[in-house]
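# Structure assessment
The lines below spell out each chain.
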Amino acid sequence: DGGLPPGRGRVLVLGAGGTARAGLHARERRGARVACWNRNKDRLAGLLREFPAVQPADIPRGEVDVVVNATAASAAGELPLPETGLASLQAGYALEVAYGPVLSPFLRFAAGRGWRVRDGLPMLFHQAAAQHYRWTGEDPAADWGEARALVESHWRRLSREGSGRTGSSESENR
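The model shown is predicted, which means the values in this text are computed figures rather than measured ones.

### A word on helix α1 (residues 18-29)
Spanning 12 residues, α1 covers 17 Å between terminal C-alpha atoms, matching the ideal 16 Å at 1.5 Å per step. Every buried residue of α1 is accounted for by Ala 20, Leu 24 and Arg 27. Around the axis of α1, the buried residues are gathered within 75° of arc, so they sit on the same side. Among the exposed residues of α1, those pointing more than 90 degrees away from its buried face are Gly 18 and Arg 29. Residues of α1 that are buried make contact with β1 (10-14), β2 (33-37) and α2 (41-50). Backbone geometry just after α1 places Gly 31 at a positive phi near 85°.

Here is the structure:
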């Protein structure tokens, strides 16, 4: 979870694709109360059949512990929901499964509301570490702290060169 609250809280997952499914599975196993929203109601219905404990969120609103953006909106530079929909949420944490040298519109919005934000870079590292172990039987040479420092150093260099990042892979925004 990399600094996110324990899995027993209230989680809202935005999206219904493969990444959302993996997140739902992990959070459901930890006893979280999970709701899911997706623009495509047929796709959401299919996901809900796979995860009967997950509640549909027709119009996400209210208080949750974590909002997870597992949509493709960030790749298009868009918010996963209209700003009015996001503004109706009160959350402590925002997790974006996408990662890159620039904070997504979703994470910028969440940080502006005072939520703690985290992009998908830790998820990528831990997936890669698990794959490395599976293939080689050994732990990777670098731990998460070393890998994060290396990537963020690279992003700072990009920023100095004019293609900057507006934040780090994790933010305390209190």
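### What about helix α5 (residues 121-136)?
Between its first and last C-alpha, α5 extends 22 Å over 16 residues, near the 22 Å set by a 1.5 Å rise per residue. Buried residues of α5: Leu 121, Pro 122, Phe 125 and Ala 129, and no others. Down the axis of α5, the buried side of the element spans an arc of 100°, and every buried residue falls inside it. Relative to its buried face, α5 has exposed residues pointing more than 90 degrees away, namely Arg 134 and Trp 135. Residues of α5 that are buried make contact with β6 (116-118) and α6 (144-160). Residue Gly 137 follows α5 closely and has a positive phi angle near 80°.

### With respect to the confidence of the model for the protein chain
Confidence in the prediction for the protein chain averages 81 pLDDT; 87% of positions are at 70 or higher. No element of the protein chain has a lower mean pLDDT than strand β7 (residues 170-171), at 51, and none a higher one than helix α4 (residues 105-112), at 92.

### Regarding the pattern of salt bridges
All chains considered together, the criterion is met by 3 salt bridges. In this structure, Arg 10 engages Asp 65 in a salt bridge whose closest nitrogen and oxygen atoms are separated by 3.3 Å. Residue Arg 10 is located in strand β1, and its partner Asp 65 is located in strand β4 (residues 62-69); the two are separated by 55 residues in the primary sequence. One salt bridge in this structure joins Arg 21 and Glu 50, with 2.9 Å as the shortest N-O distance. In this pair, Arg 21 is assigned in helix α1 and Glu 50 in helix α2, connecting sequence segments 29 residues apart. Relative accessible area serves as the criterion here: at 22%, Arg 21 is assigned to the partly exposed category. Assessed through its relative accessible area of 46%, Glu 50 is described here as partly exposed. Where salt bridges share partners, they join Arg 10, Glu 63 and Asp 65 into one cluster.

### Some words on the environment of Glu 96
Within the fold, Glu 96 resides in strand β5 (residues 89-96). Sequence separation between Glu 96 and Leu 14 is 82 residues, and the spatial gap between their C-alpha atoms is 9.8 Å. Setting aside chain neighbours within four positions, we find Glu 96 in contact with Asn 69, Ser 74, Ser 104, Phe 106, Leu 107, Arg 118, Asp 119 and Gly 120. A polar contact of 2.8 Å, which involves the side chain of Glu 96, links it to the side chain of Ser 104.

Reading guide: rules and limits
Residues numbered from 1 in each chain as written. Predicted model: local features only at pLDDT ≥ 70, side-chain atom pairs only at ≥ 80, totals over all residues. Heavy atoms only, no water. Helix = DSSP H or I, 4+ residues; strand = E, 2+ residues; numbered from the N terminus. Expected span 1.5 Å × (residues − 1). Buried < 20%, exposed > 50% of the residue type's maximum accessible area, 1.4 Å probe, protein only. Arc of directions from axis to C-beta. Contact = heavy atoms within 4.5 Å. pLDDT = per-residue confidence, 0-100. Salt bridge = Lys/Arg side-chain N within 4 Å of Asp/Glu carboxyl O. Polar contact = N/O pair within 3.5 Å; in protein donor to acceptor, adjacent residues only side chain to side chain.

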